[in-house]
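# Examining the three-dimensional arrangement
If you want the building blocks of each chain, they are given just below.
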Amino acid sequence: VPVLANRTGGLSGRGVHPAAVKIVYDAHKATKLPILAMGGVYEPKDAIELMLAGATAVAVGTATFSDPSTGARVCDGIAAYCERKGFASAQDLIGAVE
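Everything numeric in this text was worked out from a predicted model, so none of it was measured.

### Structural notes on the overall build of the protein chain
Helix and strand content of the protein chain: four helices and two strands. Ordering the α and β elements of the protein chain from the N terminus gives α-β-α-β-α-α. Expressed as a percentage of the 98 residues in the protein chain, the buried residues total 32%. Contacts spanning at least 24 positions in sequence make up 53% of the contacts within the protein chain whose residues lie at least 6 apart. Working note: accessible area of the protein chain is about 6300 Å², and carbon and sulfur atoms make up 61% of it.

Next up, the structure:
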């Protein structure tokens, strides 16, 4: 008897990041609803890409198994990026890739 209800499991990690960015971009174009993005977030740049594509919030998942401090490092990196690039806040990143 399979342990997983859907019998196949899921896909996570760095390999899903490019698809996640594309899906977030398409969803952002199609709706004004908030988007919680996830998929391959290991570095601040990964979260920033998702936010620029339209994510309202970003989750860090698989990366925390190997480095529990990933979430804090990503948050700090987003703040540093905003400061370097002149964004008043992380909220200004959302969908800025128009």
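### Some words on helix α4 (residues 70-85)
Relative to the 22 Å expected for 16 residues at 1.5 Å per residue, α4 spans 22 Å between its end C-alpha atoms, a close match to the ideal helical length. Along its buried surface, α4 packs onto α2 (44-53) and α3 (63-66). Looking at the residues trailing α4, positive phi occurs at Gly86, about 85 degrees.

### Structural notes on the packing of aromatic side chains
Throughout the structure, instances matching the rule amount to one aromatic pair. Between Tyr81 and Phe87, the ring centres sit 6.2 Å apart and the planes meet at 20 degrees, which makes this aromatic pair stacked. For Phe87, a relative accessible area of 24% gives the class partly exposed. Its guanidinium or amino end placed over the ring of Tyr42, Arg14 lies 4.0 Å from that ring's centre, counting from NZ or CZ.

Reading the values: rules and limits
- Residues numbered from 1 in each chain as written.
- Predicted model: local features only at pLDDT ≥ 70, side-chain atom pairs only at ≥ 80, totals over all residues.
- Heavy atoms only, no water.
- Helix = DSSP H or I, 4+ residues; strand = E, 2+ residues; numbered from the N terminus.
- Buried < 20%, exposed > 50% of the residue type's maximum accessible area, 1.4 Å probe, protein only.
- Contact = heavy atoms within 4.5 Å.
- Areas by Shrake-Rupley, 256 points an atom, 1.4 Å probe, with all protein chains shown as cover.
- Expected span 1.5 Å × (residues − 1).
- Phe/Tyr/Trp six-rings, centres within 6.5 Å; stacked < 30°, edge-to-face > 60°.
- Lys NZ or Arg CZ within 6 Å of the ring centre and 35° of its normal.

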